[in-house]
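Listed here are the chains, written in short residue letters.
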Amino acid sequence: MSKRSIQATPSTVTEPDQVFELAAEVFRVMSAPMRLKIISHLCDGERNVSYLLSKIDTTQPNMSQHLTTLYQAGVLGKRREGVQIYYRIIDDRVSSLCRAVCTQIAMDADFESPMAEPAAATASSTSA
């Protein structure tokens, strides 16, 4: 299976329709709640699969499937250290978009955002 990246450079996006196609691909990759949870846990830095499984209620095969999708889309990078595989976010656009959408939804629903940045929460509480 070939790696299908959602990364774009100025030389690869020449037609307006391609912009929409690339945007749709970003949203497709982020369309699964499980992938959003994974991205959320990787926002603070590189983590191994065991750590992710301890934080996210799913099976190892399901976790692997979603990590592979994110990796093949160019959202995550990975490295092996012994028997452990570590994943990290390499496309900051995805984590920024995920954080913005999840924070707004949480605010609209009057929930605490699972992706709220501590600095942003501190700034909003001190400005009141």
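Residues numbered from 1 in each chain as written. Predicted model: local features only at pLDDT ≥ 70, side-chain atom pairs only at ≥ 80, totals over all residues. Heavy atoms only, no water.

A. Summary view of the confidence of the model for the chain. On average, the chain scores 83 in pLDDT, and the residues at 70 or more come to 76%. Note that pLDDT drops below 50 for residues 118-128; the model gives that stretch zero contacts with residues more than four away or on any other chain. (pLDDT = per-residue confidence, 0-100. Contact = heavy atoms within 4.5 Å.)

B. Representation of the packing of helix H2 (residues 33-42) against helix H4 (residues 60-72) in the model. Running from amino to carboxyl end, H2 crosses H4 at an angle of 75 degrees, the nearest separation of the two axes being 10 Å. By the angle class used here, H2 and H4 are roughly perpendicular. Taking contact as the criterion, the partners of Met-34, Arg-35, Ile-38 and Ile-39 in H2 are, on H4, Asn-62, Met-63, His-66, Leu-67, Thr-69 and Leu-70. (Axes fitted to C-alpha atoms, helices over the stretch in contact; angles between N-to-C directions. Helix = DSSP H or I, 4+ residues; strand = E, 2+ residues; numbered from the N terminus. Parallel < 35°, antiparallel > 145°, perpendicular 65-115°, else oblique.)

C. Just the packing of aromatic side chains, in detail. Considering all chains together, one arrives at zero aromatic pairs under this definition. For the cation-ring pair, Arg-79 lies above Tyr-86, with the distance from its terminal atom to the ring centre recorded as 4.5 Å. (Phe/Tyr/Trp six-rings, centres within 6.5 Å; stacked < 30°, edge-to-face > 60°. Lys NZ or Arg CZ within 6 Å of the ring centre and 35° of its normal.)

D. Molecular detail of the sheet that holds strand E1 (residues 47-48). Strand order across the open sheet formed by three strands is E1-E3-E2, with antiparallel pairing between neighbours. Each edge of the sheet is formed by a strand with only one pairing partner; in this case those strands are E1 and strand E2 (76-81). Where E1 and strand E3 (residues 84-89) come together, two bridges link them in antiparallel fashion. Pairing of Asn-48 across the sheet is with Tyr-86, part of E3. Together, E2 and E3 form the strand contacts of H4, whose direction differs from that of E2 by roughly 120 degrees. (Pairing = 2+ DSSP bridges.)

E. A look at the nonpolar core. The biggest cluster of nonpolar side chains holds 21 residues, and the ones touching the most others in it are Ile-38, Leu-67 and Leu-76. Looking at this core, the elements with two or more residues in it are helix H1 (16-29), H2, helix H3 (49-55), H4, E3 and helix H5 (92-108). When residues in this core are grouped by element, the largest group, four residues, is from H2. If we skip the residues at most four places from it in the chain, Leu-76 touches Leu-42, Leu-67, Leu-70, Tyr-71, Tyr-87, Arg-88, Ile-89 and Ile-90. (Core = buried A, V, L, I, M, F, W, Y, C linked by side-chain atoms within 4.5 Å. Buried < 20%, exposed > 50% of the residue type's maximum accessible area, 1.4 Å probe, protein only.)

F. How the structure looks around the state of the cysteines. One pass over the structure, following the stated rule, counts zero disulfides. The thiol of Cys-98 is not disulfide-bonded; the next cysteine sulfur, from Cys-102, is found 4.1 Å away. Overall, Cys-98 belongs to the buried group, its relative accessible area being 1%. (Disulfide = S-S within 2.5 Å.)

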